[in-house]
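Reading the structure
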Amino acid sequence: HYLEISDGIFTTEGILDSKWFYTYCLISRCHNAIRSLKQLSKDEYSSRDVRLGEIKVIRVHHYFDMMRIFNYVPYFDETIEPDDHMKLNNREFSRDQLLEKLIKELQDAADLLPEKQTEVGRINTRIAKAYEAKLWLYRAYEQNPENNQLASINKEYLQNVLDITETLISEGGYDLLKDFQHLDLVEYDNKSESVFEVQYSVSDGTQF
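Note that the coordinates shown come from a computational prediction; the quantities given were computed from them, not determined experimentally.

Here Ser194 shows up in the segment after helix H5 (155-170). On the basis of relative accessible area, Ser194 is assigned to the buried category, the value being 17%. Reaching out from Ser194, the side chain makes a polar contact with the side chain of Glu197 at a distance of 2.8 Å.

With that settled, the discussion passes to the packing of helix H2 (residues 48-70) against helix H4 (residues 125-140). One can describe the packing of H2 onto H4 by two numbers: an axis separation of 11 Å at closest approach and a directional angle of 20 degrees. Of the possible angle classes, the one that applies to H2 and H4 is roughly parallel. Like other packed secondary-structure pairs, H2 and H4 cross with a definite hand, here left-handed. Of the residues in H4, those touching H2 at Val57, Val60, His61, Phe64, Met67 and Arg68 are Ala128, Tyr131, Lys134, Leu135 and Tyr138. Here the residues of the contact of H2 with H4 sort into eight nonpolar, one polar and two charged.

Reading the values: the criteria
Residues numbered from 1 in each chain as written. Predicted model: local features only at pLDDT ≥ 70, side-chain atom pairs only at ≥ 80, totals over all residues. Heavy atoms only, no water. Helix = DSSP H or I, 4+ residues; strand = E, 2+ residues; numbered from the N terminus. Buried < 20%, exposed > 50% of the residue type's maximum accessible area, 1.4 Å probe, protein only. Polar contact = N/O pair within 3.5 Å; in protein donor to acceptor, adjacent residues only side chain to side chain. Axes fitted to C-alpha atoms, helices over the stretch in contact; angles between N-to-C directions. Parallel < 35°, antiparallel > 145°, perpendicular 65-115°, else oblique. Left-handed = near helix turned anticlockwise from the far one by under 90°. Contact = heavy atoms within 4.5 Å. Nonpolar A, V, L, I, M, F, W, Y, C, P; charged D, E, K, R; others polar.

Scope: geometric values only; no functional claims are made or implied.
Below, the structure is given as structure tokens:
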């Protein structure tokens, strides 16, 4: 209730603790997947680099989600041993430094990914670039670290957003749907306005 009425945030709130815990569980899965893939050669697994690119984008997604909510978060990659996690400082990187790291990872991922994927929902280079534009936009609105209020707007970063989005549009594949209400209809999933959609299935016979 107090979250809904903006009456403060308390460290005893279980919802926030769960969000922090489970998101870092997801980040840990990304680290484990990257470690496993790096142990394989392209001869052993021809899709190794593509899968690395996909996981890098997913990891960025989770880190960006965390910094939007908590602002100061500990950042580490797959090279940091689990036993050293407790030694990390959530103030090691500023907001801008962390965004710079995430943008660089998206750029690296885009180099590994193909233009198109054969399976619906798989991340491609266009998704990585679109997400990069999103992070440049977030980074352009620079904040005062003391109170998180808007301090300035970086026009250079905004130009990066325009350059990326204009390139993606000019290359084709993205466009607005003719009717805004189509966004609510299942038959318009993964259509021209879709950039990155999570795929779900129900009663598909999958065994766990």
